[in-house]
Amino acid sequence: MPLWLLVAWPLACALGAAILGRPRGILALGVVGSVAEVALFLAVAPAGLAGRVFGVGQQLLLDPLSTFHLGLVVAVFALSSIYACYSFAPQLASGALTPGKARRFGAAWFAFL
């Protein structure tokens, strides 16, 4: 699997979050997008743990240590995305989470990853 997908997928999700209109949909994109990133990680992790993997003309490197760190980040990110749905539930119910706030949150959320 190409390493560039590990970078391109969160960017695509950040753009998707910036254009989605409903806050609930943006939070759902957070969960689906982060779980998909975990799947991408699991596809490349065996090669990264076995040795060095290069991508994008040797601009990206995945070695055992970076594979471990990436695994931690995507796991925490996926769990936090699920938690965000519950954390924002009261704001969703009251209408305090406006589409603009949700778009900014979603774009910033995926920009981190």
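The present account deals with the structure reproduced in this document. Just so it is clear, the structure is predicted and the values come from calculations on it, not from any experiment.

Given a rise of 1.5 Å per residue, 28 residues ought to cover 40 Å, and the 41 Å separating the end C-alpha atoms of helix α2 (residues 23-50) matches this to within 8%. The sharpest bend along α2 comes to roughly 45 degrees, located at V44, with the proline P46 sitting one to four residues further on.

Take helix α5 (residues 99-112) next. Between its first and last C-alpha atoms α5 spans 20 Å; for 14 residues at 1.5 Å apiece the expected length is 20 Å, and the two agree. Taken as a whole, α5 has its buried residues at A102, G106 and F110. Summarising the axial view, the buried residues of α5 lie within an arc of 55 degrees, below the 170-degree limit, and thus occupy one face. Structural note: α5 exposes R104, A108, A111 and F112 on the side pointing more than 90 degrees away from its buried face. Those residues of α5 that are buried are in contact with α1 (4-19), α2 and α3 (64-87).

Quick look at the packing of aromatic side chains now. Applying the stated criterion to the full structure yields 5 aromatic pairs. With 5.8 Å between their ring centres and 55 degrees between their planes, F77 and F110 make a pair best called tilted. Of this pair, F77 sits in helix α3 while F110 sits in helix α5, and the two are 33 residues apart along the sequence. We note that F77, like F110, is buried.

This part covers the state of the cysteines. A complete count under the given rule lists 0 disulfides for this structure. Unpaired in terms of disulfides, C13 finds its nearest cysteine sulfur in C85, a separation of 14 Å. The class for C13 is buried, based on a relative accessible area of 3%.

Looking now at empty space enclosed by the protein. Evaluated as defined, the whole model comprises 1 cavity of 30 Å³ or more. Within this model, the largest cavity holds a volume of roughly 50 Å³. Together, I26, L27, G30, S81, A84, F105, G106 and W109 line the largest cavity. Where the lining of the largest cavity is concerned, the elements lending two or more residues are α2, α3 and α5.

It is the rolling of a water-molecule-sized probe over the atoms that shows where space remains empty. Volume-wise, the largest pocket comes out at about 190 Å³. Looking at the largest pocket, the residues that line it are L3, L6, V7, E37, L60, L61, L62, S66, L70 and L113. Going through the elements one at a time, α1, β2 (60-62) and α3 are the ones with two or more residues in the lining of the largest pocket. Tallied by class, residues from the lining of the largest pocket come to 8 nonpolar, 1 polar and 1 charged.

With that settled, the discussion passes to the packing of α1 against α2. Look at α1 against α2: their axes get within 10 Å of each other, and the N-to-C directions meet at 175 degrees. By the angle between their axes, α1 is roughly antiparallel relative to α2. Between α1, through L5, L6, W9, P10, C13, G16 and A17, and α2, the contact on the second element is made entirely by I26, L29, G33, A36, E37, L40, F41 and V44. Of the residues belonging to the contact of α1 with α2, the class tally is 12 nonpolar, 2 polar and 1 charged.

Rules behind the numbers
Residues numbered from 1 in each chain as written. Predicted model: local features only at pLDDT ≥ 70, side-chain atom pairs only at ≥ 80, totals over all residues. Heavy atoms only, no water. Helix = DSSP H or I, 4+ residues; strand = E, 2+ residues; numbered from the N terminus. Expected span 1.5 Å × (residues − 1). Bend = angle between axes of the 7 residues up to and from the residue. Buried < 20%, exposed > 50% of the residue type's maximum accessible area, 1.4 Å probe, protein only. Arc of directions from axis to C-beta. Contact = heavy atoms within 4.5 Å. Phe/Tyr/Trp six-rings, centres within 6.5 Å; stacked < 30°, edge-to-face > 60°. Disulfide = S-S within 2.5 Å. 1 Å grid on protein atoms, 1.4 Å probe; cavity = no way out; pocket = protein on both sides within 12 Å on 5 of 7 lines; lining within 4 Å. Points joined across faces, edges and corners; volume = space filled by probe spheres on them. Nonpolar A, V, L, I, M, F, W, Y, C, P; charged D, E, K, R; others polar. Axes fitted to C-alpha atoms, helices over the stretch in contact; angles between N-to-C directions. Parallel < 35°, antiparallel > 145°, perpendicular 65-115°, else oblique.

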